[in-house]
Every structure is written in C-alpha cells, then in structure tokens.
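Chain residues, written in single-letter form:
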Amino acid sequence: MSATRRLGVGVLGAHAWAEHAHLPGFAAYERCRRVAICDVVPERARALAERFGFERVYADAREMLADPEVEMVDVCTPTGTHRELAGAALAAGRHVLCEKPLALSAADAFGLARLAAEKGLRTKVGFTFRYSAALKQVKRWIEDGTIGEIFHVHGFQQNSQFLDPNFPLRQYDTEDPDGPLVPASIVGYGSHLVDLLRWLAGDFRAVSALMRNFVPERMVRGKEGLRRVPIDDGTVAAVDFRSGAQGVIQTSFIAIGNYPGIEIRIYGSKVAVVARLVTEFGVAETLHLARAGEVEFRPVELSADRYPPGTDVRTPWRELYYRQLARDWTDEILDEGPAENTFLDGAMSQQMVDAVVLSHRERRWVDLSEMPS
Ligand SMILES: NC(=O)c1ccc[n+]([C@@H]2O[C@H](COP(=O)([O-])OP(=O)(O)OC[C@H]3O[C@@H](n4cnc5c(N)ncnc54)[C@H](O)[C@@H]3O)[C@@H](O)[C@H]2O)c1
C-alpha cells in the first residue's frame, strides 16, 4: 500500500469528547484525511470542522455514510445511539471506530461484532487507556516473559468527578427513585477497566461483586434541582481469571483523586508493576517496577519515541491517548495490520460488566459461561 495514501475520516458527534480527544488525534496524523463531521446540531459540526480542518459538514448521519470519500466512520455520539449508528456505518461498508459502550446490552454488542466479521470490515472501540505508553509497556513485559506468571491483578478506575452532588450527572437516570440500583460507575468506568484487565491478563472465568450508592441525591443534566438517582457510584469485584490469576476491580465516581484515575497493578512471579494514569502536577502517567530480588518499586522512564510525535508525558491525557489511538487505528487499516481492540473486545467487556451487575443483584459468584454471547 502506498505510503502517501490517506484514510478518509468521517466523525459522527461534535461535542466535548470529540473536541478534546478524537479530533486532535485525527488532526495530528498526516495519514488521516479529515473529510467530514456530522452533528444533529449543525453549528457544532461547523465550528469543529473549521477548527480541526475538516472539509465538509453534515447534519444527517445517513448523508455522511453515503459520502464515498468517508472510508472510516467514528461514532462519538451519546451511548444510546452507538448501536444504531455503528450498525448503519457497517451496513454502508465503512470501517468503524465506536465509543464505548458499543450498545446497551452485550447481546447487541456481539451482534455488531458479528456484522463486522460478515462484512469483512475493521472495528475499533474507544478504549482510551490501551493507548497509554505505560500500559503498552506493561503489555510488552507480560508478552516477553519479564513479569513471569501473573498472580494478582488490581485494576482501579476511580476519580472524584461526581463527588459533588451539584456536578450534573449525564447518561444515567431513572424514573423510579426507589427502584433497583442503576449501573453507572461500572458501565462508564468499568467498561474500560475490565477491557484493560482482560487485555493484560487474559479471559475471565467468574466474578463476585458489590455495588453501592453513596451520594443519594444529585443534579442530572437537563433537569431542575437535586433528585434521588440510585446509581452505583462505587463498585468492587473479586475476579477469577481463566489463567488462575486473582483480580480485584474497583470503579468509583467519588474516590478522591484526579482524572482519568486508572491504576493497574500486576504482581508476577518475577516482577511487579504499577501503572498510574492519574494526572498529577502536569504529568499524565507514571510507571514503577519492582523485582523479586529487589523489592522496592522504582520509577521507569520511557523513551520519547514511546509517545506520539509532538507529545510527551506532560501532554493532556485525552489528547495524548487519542493521538496514539488515531495513529494505531489508521495504520491498522492502511497497512492491513493485525486487528486489535475490536468490537468483539467491546462485547466481551460488556459481557463482564453485565456479569458484575448480575452478581451484585443475586449476591453470588457469576460464571462468565452463564452470560449471553
Ligand atoms: N473513551 C472515553 O474515555 C470517553 C470519555 C468521555 C466520553 N466518552 C464517550 O464519548 C461519547 C460522546 O461523549 P460526549 O461527552 O461528547 O457526548 P455529548 O452528549 O456531549 O455529545 C454528543 C454529540 O453527538 C451529537 N449527536 C447525537 N445524536 C447524533 C446523531 N444521530 N448523529 C450525529 N450527531 C449526533 C449531539 O448533538 C452532541 O453534539 C459518549 O458515548 C461517551 O460515553 C468516552
């Protein structure tokens, strides 16, 4: 394939996440041709197209999907629209990047993965943190045997985004304030976390989880005043991996700390590692390593070539990780490289999230083989 060929990119959704993550990523990579942005609020699409150098705008997804110069469709719209828009893009024969979660049920997410396979199209999920230089290094250390047999895997995604009840909640609501707990931190944060744990330490066998609501009344985006919203703002789970490794997961909307609030610890037979993706004093992430014979954790500095050109560990995390995602994804399509982080991975993540919720509701261990696939 020609080194000068560029990938025609079309983005659906022109709001906060597109502005801070996706669009800077495509704009910074010379192998992306910025063809179109579409938003049902056309002035948003126009403003961001102008700012990030996209050629044209649409207000209707169907029109953008019919544009022959859009080869890859990026779905960056609200969660409830993902399945329909990603499905329509696949049906139109386009490769698709879709924000997580792919659908409102794991069964629908598996359906999208099957559709992509039938069509022979490539897919990618917005699992932002797979594109962290620190976590890519951890993955390498697992694959090359540096870490040895994995014993314990701890995955946390916790920050205090929703500690203040006046900070408006979005995407989660309920008409029944006394009804069952609405899965929230385990969906919004947990979908990333379970994907990272599966990517690093392999498939899950079973899970036992506890979800809880700590802040009973909150503001909800678009609604007046404080109202009772029984979301899970904290979830903790014990995880049994197929390999025999033991895992601990915690997601929290209210644990004090900064964005994005990911911490992964892996304790192996030879080496233990701690990767913290928590922006502190301008630094996006840190990586520490200890060896069996030298048990104090030491910082690991990664070389400049581990970060996308023009970035370093001080680049704001949204842009840092999406610039890497945009490069990896574009190269995968143009160079026909191995598929990674596909819709099947998105569906497997969703299956585990559903298993966590079922485990909590039925107060028991749930085996992943019980879950729809
Ligand atoms: N991967 C991550 O780390 C991460 C972080 C933040 C948000 N997200 C996800 O990214 C997505 C977008 O987040 P956001 O905060 O920008 O959402 P948002 O609701 O602020 O913006 C979504 C935009 O999509 C537009 N839109 C809605 N339906 C559309 C349609 N049918 N066609 C075209 N445009 C349409 C809306 O008008 C709006 O401008 C969400 O699914 C969110 O969960 C992912």
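Residues numbered from 1 in each chain as written. Predicted model: local features only at pLDDT ≥ 70, side-chain atom pairs only at ≥ 80, totals over all residues.

The strand order across the open sheet built from nine strands is β16-β15-β14-β13-β7-β12-β11-β8-β17, with neighbouring strands paired in mixed fashion. The sheet is open, and its two borders are formed by β16 (294-299) and β17 (366-367), each paired with just one other strand. Its contacts with the sheet place helix α6 (residues 133-143) against β13 (260-268), β14 (271-278) and β15 (286-291), and it is angled at close to 160° to β14. (Pairing = 2+ DSSP bridges. Helix = DSSP H or I, 4+ residues; strand = E, 2+ residues; numbered from the N terminus. Contact = placed C-beta atoms within 7 Å. Axes fitted to C-alpha atoms, helices over the stretch in contact; angles between N-to-C directions.)

In this structure, Ile37, Val75, Val138 and Leu200 are the most contacted members of the largest nonpolar core, which totals 109 residues. The biggest single contributor to this core is helix α10 (residues 343-362), with eight residues. Two domains each provide a minimum of three residues to this core, namely domain 1 (7-121) and domain 2 (130-311 + 342-368). Leave out the neighbours within four places in its chain, and leucine 200 touches Val138, Lys139, Ile142, Val153, Ile264 and Ile266. (Core = buried A, V, L, I, M, F, W, Y, C linked by C-beta atoms within 7 Å. Buried ≥ 20, exposed ≤ 12 C-beta atoms within 10 Å, placed from the backbone. Domains from an automatic or database assignment.)

This part covers the environment of leucine 102. For leucine 102, the location among the structural elements is in the loop between β5 (95-98) and α5 (106-119). Considering only alpha carbons, one finds leucine 102 and alanine 292, 190 residues apart in sequence, at a separation of 40 Å. Non-local contacts of leucine 102, meaning those with residues more than four positions away in its chain, are made with His82, Arg83, Ala86, Ala109, Leu112, Val125, Phe343, Gly346, Ala347 and Gln350.

This part covers the domain arrangement of the chain. Its domain assignment divides the chain into domain 1 (7-121) and domain 2 (130-311 + 342-368). Its C-alpha centre places domain 1 at a distance of 26 Å from the equivalent point of domain 2. Every contact between the two is made by twelve residues of domain 1 and, on the other side, 14 residues of domain 2. The residue makeup of the side of domain 1 that touches domain 2, split by class, is ten nonpolar, one polar and one charged. (Nonpolar A, V, L, I, M, F, W, Y, C, P; charged D, E, K, R; others polar.)

Spatial strand order, β3-β2-β1-β4-β5-β6: six strands in an open sheet with parallel pairing. On the outer flanks of this sheet lie β3 (56-58) and β6 (123-125), each paired with one strand and no other. Neighbouring strand axes in the sheet, compared pairwise and without regard to direction, differ in orientation by 20° on average. With three bridges connecting them, β5 and β6 associate as parallel partners. Residue pairing for β6: cysteine 98 is matched across the bridge by valine 125.

Two elements in contact, α5 and α10, have axes separated by 8 Å at closest approach and are oriented at 165°. Overall, the two elements α5 and α10 adopt an arrangement that is roughly antiparallel. Regarding α5 and α10, the two cross each other, and that crossing is left-handed. For the pair α5 and α10, the contacting residues are Ala106, Ala109, Phe110, Leu112, Ala113 and Ala116 in the first and Phe343, Leu344, Gly346, Ala347, Gln350, Gln351 and Asp354 in the second. Looking at side-chain class alone, the contact of α5 with α10 contains nine nonpolar, three polar and one charged residues. (Parallel < 35°, antiparallel > 145°, perpendicular 65-115°, else oblique. Left-handed = near helix turned anticlockwise from the far one by under 90°.)

Within the structure, the ligand sits among 23 residues, and Gly13, His15, Trp17, Glu99 and Gly126 are positioned closest to it. Considering every element that reaches the shell around the ligand, the biggest residue donor is helix α1 (residues 16-27), with three residues. Its residues assigned to classes, the shell around the ligand shows twelve nonpolar, seven polar and four charged. (Near = placed C-beta within 6 Å.)

Inspection of helix α2 (residues 42-52) places Ala45, Leu48, Ala49 and Phe52 among the buried residues, and these make up the whole buried set. Down the axis of α2, the smallest arc covering the buried residues is 105°, so these residues share one side. Projecting away from the buried face of α2 at angles above 90 degrees are the exposed residues Glu43 and Glu50. At its buried positions, α2 is contacted by α1, β2 (32-38) and β3. (Arc of directions from axis to C-beta.)

Counting buried residues in strand β12 (residues 246-252) gives five out of seven residues, a clear majority hidden from the surface. In this sheet, β12 lies alongside strand β7 (residues 150-158) in parallel orientation, the contact comprising seven bridges. Within β12, the position partnered with histidine 152 by the bridge is glutamine 246. Across seven bridges, strand β11 (residues 234-241) lies against β12 in antiparallel orientation. Bridge assignment links valine 236 to a residue of β12, and that residue is glutamine 250. What sits between the antiparallel neighbours β11 and β12 is a turn of four residues, in which glycine 244 has the positive phi angle 100°.

Now for unusual backbone geometry. The omega angle of the peptide bond from lysine 100 to proline 101 is -15°, so this bond is cis rather than trans. One can find proline 101 in the loop between β5 and α5. For the bond from tyrosine 259 to proline 260, the omega torsion is -20°, close enough to zero to count as cis. Structurally, proline 260 is set in strand β13. One non-glycine residue, phenylalanine 281, adopts positive backbone phi at about 55°. Positioned with a positive phi, glutamate 336 is a non-glycine residue whose angle comes to about 50°. Looking at where glutamate 336 falls in the secondary structure, it is placed in the loop between α9 (317-334) and α10. Taking the C-beta count within 10 Å as the criterion, glutamate 336 has 10 such neighbours and is therefore assigned exposed.

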